[in-house]
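What follows is each chain in one-letter form.
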Amino acid sequence: MIGLISATAAGAAARDRLAAAWPDRTRVYDGPVGDAVRSAFAECEQLVCFLATGAVVRLIAPLLREKATDPGVVCVDEGGRFAVSLVGGHGGGANELAVAVGEVLAARPVVTTATDAVGLPGLDTLGFPVEGSVAAVSRALLDGEPVALRAESSWPLPPLPLAGEGAYTVRLTDRAVEPAANEVLLRPPSLVVGVGASKGAPVEEVLTLIEAAVRDAGLSPRSIAELATVDAKAGEPGIVEAAARLGVPLVTHSAAELAEVRVPNPSDAPLAAVGTPSVAEAAALLRGGELLVPKRKSDGRPAMATCAVVRRPARGRLAVVGLGPGARDLLTPRAKAELRRAAVLVGLDQYVDQIRDLLRPGTRILESGLGAEEERARTAVAEARAGQAVALIGSGDAGVYAMASPALAEASDDIDVIGVPGVTAALAAGAILGAPLGHDHVSISLSDLHTPWEVIERRVRAAAEADLVVTFYNPRSRGRDWQLPKALAILAGHRAPATPVGVVRNASRPDESSRLTTLGALDPAWVDMMTVVTVGNTATRNIAGRMVTPRGYRWQTSEEGAK
């Protein structure tokens, strides 16, 4: 929860705007400012104070206890010009909060954390639990001193200037070791704990068993990624509460799936109870990995719980990112975050140029030209399989005539794949034209490079007969100039010459151009590969110079009839 505190009318107005934007994430604290800050500091994970920074410093100074647990605090000035990350920039999430507040209130985020200022990811923002000398190692990175990476497995990291040797160390390990001097330990999510339990097994018995199994194997509980069990135990209170206390998800599998897993210690008891000869071992091993702790029973009399621990293979990360139609303000915050997270960027050279300034220093860029889509997909997947954090970029939405489909066709379940949606060319063009996509619509690419023209023609004919609004991608190029006239002729067999048609070139870019014409008047010479052509259906109208396809609301029909 984010606590909101203000002292003046202007501050309250900005506070209320933020509360309206985030109704489920915020809580307004009224009353005397000192009391409000103290209450919010004790009850919330983060605070936004619409006060002077000096005042907030004095109010929170007596409350500060521990960097790792204190809430993040952001200050917004009286004029709403700045959102200042004051305390807990990384650990409390104040840096990200300042950016988010700035987006809602049109304020400039002010982040003074040294790593952020020079584009380095903070060691405590990498998504892994962190232990050790974070400040000292971060300072060494900032000062350009050699910092060694000692990774026991290849979990994906963002770009960091890490070396083979150095007086400072970043160590990626799930082992129960203490950090040495000038060392940071990163705990990867590498351990899967399979759990079985009798009905009514106490949470304390389940937790004690898990903690002992992990400790005795010399492992860190902070690397537990999930608890796994059989579907029949999905609601078992002891298991559910154990996962909650450990702060990890509970993943369940069917008995049939678990019965297919070969385990060293099958038993007749779970087979009779839930339909599989193994729960703990099979649930832990289902997705592969090394069995570190075979099935182990709790110390209860009788024992009511079992567990097994598996180290799963390191998983690379592939983010397939849609960059939108070209305008920077149509690039989503999520896309920007994925670009900053990537250690390897794969993309078409002209798209790389669009976002090069958003990448962190040290990002490895693998770019290629037109026609190398399959090569880029294979490269991105191979880099992810090697344990890298990879971003594969495409224009618009990466899943629409772009890189997501070839990449996912190449990928298997040995890497994590994250799809990041983007604003498509059809949507960008539609917004410029008015509301041409107000009812059912379809997008069709006229490029026959990968799809035979006979298939494309059949799809155009079906859209024409179904009276769908049609958006044509890849409509015309120098070497491919006959497909658009052919497609328009098919539509003209089902629609009047006066049917509105929108032609938008370079939607959202500085040289954007658009025109609203008709099916009968459209000149294909206006169109090239940078153009999107949207053809209305029989209901589409030109209303005040805007292309509008009515939604068909009954109240509109009633009003028109009354007129």
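Before reading further, recall that the structure is shown in the block above.
Peer 1: Any chance you could break down the overall build of the chain for me, citing the residues and the numbers?
Peer 2: The secondary structure content of the chain amounts to 19 helices and 28 strands. Expressed along its principal axes, the backbone C-alpha trace of the chain runs to roughly 85 × 65 × 60 Å. By the burial criterion, 46% of the 563 residues in the chain qualify as buried. In the chain, of all internal contacts separated by at least 6 residues, the share reaching a separation of at least 24 is 64%. Looking at the chain as shown, the accessible area adds up to about 26,500 Å², and 51% of this sits on carbon and sulfur atoms. The average position of the 57 basic charges and that of the 64 acidic charges among the side chains of the chain differ by 2 Å.

Peer 1: Mind laying out the nonpolar core, listing which residues take part and the relevant values?
Peer 2: Within the largest apolar cluster, 23 residues are counted, with the highest numbers of intra-cluster contacts made by Val193, Val195, Val206, Ile210, Ile224, Leu227 and Val309. Broken down by element, this core gets its largest block of residues, seven residues, from helix H7 (residues 203-216). Ignoring anything within four residues of it in the chain, the contact list for valine 206 reads Val195, Ala201, Gly238, Ala242 and Ala305. Counting residues in each nonpolar core, the second largest holds 21 residues, with Val470, Ala487, Ile490 and Val527 among its members.

Peer 1: Go over the sheet that holds strand E16 (residues 317-322), please, and point to the residues and values.
Peer 2: Through backbone hydrogen bonds, the strands of a sheet pair up, either in parallel or in antiparallel fashion. Within the open sheet, the five strands sit side by side as E18-E17-E19-E16-E20. Their pairing is parallel. The strands lining the two open edges of the sheet, one partner per strand, are strand E18 (364-368) and strand E20 (416-420). Going from strand to strand, the sheet's axes swing by 15° on average, the running direction of each strand aside. Sheet analysis places E16 next to E20, joined by five bridges and oriented parallel. Residue leucine 318 lies in a different strand from E20, and its bridge partner there is valine 417. Relative to E16, helix H12 (residues 333-341) is tilted by about 140°, and along the sheet it contacts E16, strand E17 (344-348), strand E19 (389-394) and E20.

Peer 1: Quick rundown of the environment of threonine 424? Include the residues and the values.
Peer 2: When you line up the elements, threonine 424 lands in the loop between E20 and helix H16 (425-433). Sequence separation between threonine 424 and glycine 200 is 224 residues; the distance between their C-alpha atoms is 52 Å. Contacts of threonine 424, omitting those with residues within four sequence positions, involve Gly396, Asp397, Val400 and Tyr473.

Peer 1: Please give an account of the side chain of threonine 531 that cites residues and values.
Peer 2: In this structure, threonine 531 sits in strand E26 (residues 531-535). Of note is the side chain of threonine 531, whose polar atom sits 2.8 Å from the side chain of aspartate 528. When residues no more than four places from it in sequence are discounted, the contact partners of threonine 531 are Phe472, Pro475, Val503, Val504, Arg505 and Trp526.

Peer 1: Describe the sheet that holds strand E28 (residues 546-548), naming the residues involved and giving the relevant values.
Peer 2: One open sheet accounts for three strands, arranged E21-E28-E27; its pairing is mixed. The strands lining the two open edges of the sheet, one partner per strand, are strand E21 (434-435) and strand E27 (541-543). Alignment of E21 against E28, held across two bridges, turns out to be parallel. Its bridge partner lying in E28, glycine 434 is registered against methionine 547.

Peer 1: For helix H14 (residues 373-385), give the residues involved together with the corresponding values.
Peer 2: Compared with an ideal rise of 1.5 Å per residue, which puts 13 residues at 18 Å, H14 spans 19 Å between its outermost C-alpha atoms and is within 8% of the ideal. Turning to H14, its buried residues are Arg376, Ala377, Ala380, Val381, Glu383 and Ala384. One side of H14 holds all its buried residues, which, seen down the axis, span an arc of 160°. Among the residues trailing H14, glycine 387 stands out with phi positive, at a value near 95°.

Peer 1: Quick rundown of the environment of valine 48? Include the residues and the values.
Peer 2: Within the fold, valine 48 resides in strand E3 (residues 46-50). Spatially, the C-alpha atom of valine 48 lies 7.0 Å from that of isoleucine 2, the residues being 46 residues apart in sequence. Not counting residues within four places of it along the chain, the set of residues in contact with valine 48 comprises Ile2, Gly3, Leu4, Ile5, Leu18, Val74, Val76, Leu97 and Val101.

Peer 1: How would you summarise the pattern of salt bridges if you had to cite specific residues and measurements?
Peer 2: Applying the stated rule across the entire model yields 28 salt bridges. For aspartate 414, the salt bridge is made with arginine 385, and the minimal N-O distance between the two is 3.2 Å. With a gap of 29 residues between them, aspartate 414 in the loop between helix H15 (404-410) and E20 and arginine 385 in helix H14 connect regions that are remote in the sequence. Given the relative accessible area of 35%, aspartate 414 is considered partly exposed.

Peer 1: With reference to specific residues and values, describe the pairing of E19.
Peer 2: The buried fraction of E19 is high, at six of six residues. In this sheet, E19 lies alongside E16 in parallel orientation, the contact comprising six bridges. Looking at the pairing, valine 321 lines up with isoleucine 393 of E19. Note: E17 against E19, three bridges, orientation parallel. Opposite leucine 345, over in E19, you have alanine 391 as the bridge partner.

Peer 1: Please provide a residue-by-residue account of the packing of aromatic side chains, values included.
Peer 2: The final tally for this structure, using the stated rule, is two aromatic pairs. Measuring from ring centre to ring centre gives 4.7 Å for tyrosine 401 and tyrosine 473, while their planes differ by 50°; the resulting arrangement is tilted. Residue tyrosine 401 is found in the loop between E19 and H15, and its partner tyrosine 473 is found in strand E23 (residues 469-473); the two are separated by 72 residues along the sequence. Tyrosine 401 sits in the partly exposed class, given a relative accessible area of 43%. Taking relative accessible area as the criterion, tyrosine 473 reaches 10% and is therefore assigned buried. A cation over a ring is seen here: arginine 25 above tryptophan 22, with NZ or CZ 4.3 Å from the ring centre. Residue placement shows arginine 515 over the ring face of tryptophan 526; its charged tip is 3.8 Å from the ring centre.

Peer 1: So, the pairing of strand E10 (residues 183-186): which residues are in play, and what are the values?
Peer 2: The two faces of a sheet get side chains in turn, since along a regular strand they alternate between them. Here E10 shows two buried faces, one formed by Glu183 and Leu185 and the other by Val184 and Leu186. Here strand E7 (residues 130-132) pairs with E10 via three bridges, running antiparallel. Across the sheet, valine 130 pairs through a bridge with leucine 186, a residue of E10.

Peer 1: Got a sec to walk through the side chain of serine 445? Specific residues and values, please.
Peer 2: The residue serine 445 is located in strand E22 (residues 441-445) in this model. Within polar-contact distance, the side chain of serine 445 engages the backbone nitrogen of serine 447 at 3.3 Å. Apart from residues lying up to four places away in sequence, serine 445 is in contact with Tyr401, Ile456, Tyr473 and Asn474.

Peer 1: Outline the packing of H7 against helix H8 (residues 237-246), supporting the account with residue identities and numerical values.
Peer 2: Here H7 crosses H8 at 55°, and the two axes come no closer than 8 Å. With respect to H8, the axis of H7 lies oblique. The two elements H7 and H8 cross, and the hand of that crossing is right-handed. Across from Val203, Glu204, Val206, Leu207 and Ile210 in H7, the residues of H8 making contact are Gly238, Glu241, Ala242, Arg245 and Leu246. Among the residues making up the contact of H7 with H8, the classes are represented as six nonpolar, one polar and three charged.

Here is what the cut-offs are and how they apply
- What you see as residue numbers is a count from 1 along each chain, following the sequence as written.
- Local features in a predicted model are, by the rule used here, given only for residues with pLDDT of at least 70; side-chain atom pairs are given and counted only at 80 or more, and totals for whole chains, interfaces and linings are based on all residues.
- The side-chain quantities take in all heavy atoms of the structure and omit both hydrogens and water.
- Only DSSP runs of H or I covering at least 4 residues are called helices, and only runs of E covering at least 2 are called strands; the numbering of each starts at the N terminus.
- Only protein chains enter the accessibility calculation, which uses a 1.4 Å probe. A residue is then buried if its area is under 20% of the maximum for its type, exposed if over 50%, and partly exposed in between.
- By definition, residues are in contact when any of their heavy atoms lie within 4.5 Å.
- Using a 1.4 Å probe, accessible areas were evaluated by the Shrake-Rupley method; residue-level cover was limited to the displayed protein chains.
- Two residue types count as positive, namely Lys and Arg, and two as negative, namely Asp and Glu; His and chain ends fall outside the count.
- Note that the charge is assigned to NZ on lysines, CZ on arginines, CG on aspartates and CD on glutamates.
- We define the nonpolar core as a collection of buried residues of types Ala, Val, Leu, Ile, Met, Phe, Trp, Tyr and Cys that are connected through side-chain atoms lying within 4.5 Å of one another.
- Two strands are said to pair when DSSP picks up at least two bridges between them.
- Between the N-to-C directions of two axes lies an angle of 0 to 180 degrees, each axis being a line fitted to C-alpha atoms and, for a helix, fitted only over the stretch in contact.
- Each polar contact in these results corresponds to two N or O atoms within 3.5 Å; when the atoms are within protein, one needs to be able to donate a hydrogen and the other to accept it, and residues that are neighboring in sequence are counted only if both atoms are side-chain atoms.
- Here the expected length of a helix is defined as 1.5 Å per residue gap, with one fewer gap than residues.
- Relevant arc is that of directions from the helix axis to the C-beta atoms, nothing else.
- The rule for a salt bridge is simple: a side-chain nitrogen of Lys or Arg has to be within 4 Å of a carboxyl oxygen of Asp or Glu.
- What counts as a ring pair is set by centres within 6.5 Å for rings of Phe, Tyr and Trp (its six-membered ring), and what kind of pair is set by the plane angle: stacked under 30 degrees, edge-to-face over 60, tilted for all other angles.
- Placement of a positive charge over a ring is assigned whenever Lys NZ or Arg CZ falls within 6 Å of the ring centre and within 35 degrees of the normal to the ring plane.
- To sort the angles, those under 35 degrees are grouped as roughly parallel, those over 145 as roughly antiparallel, those from 65 to 115 as roughly perpendicular, and the leftovers as oblique.
- Left-handed is the label given to a crossing in which the near helix is rotated counterclockwise from the far helix by less than a right angle, and right-handed is the label when the rotation is clockwise.
- Side-chain classes follow a simple rule in which Ala, Val, Leu, Ile, Met, Phe, Trp, Tyr, Cys and Pro form the nonpolar group, Asp, Glu, Lys and Arg form the charged group, and the remainder, Gly included, forms the polar group.

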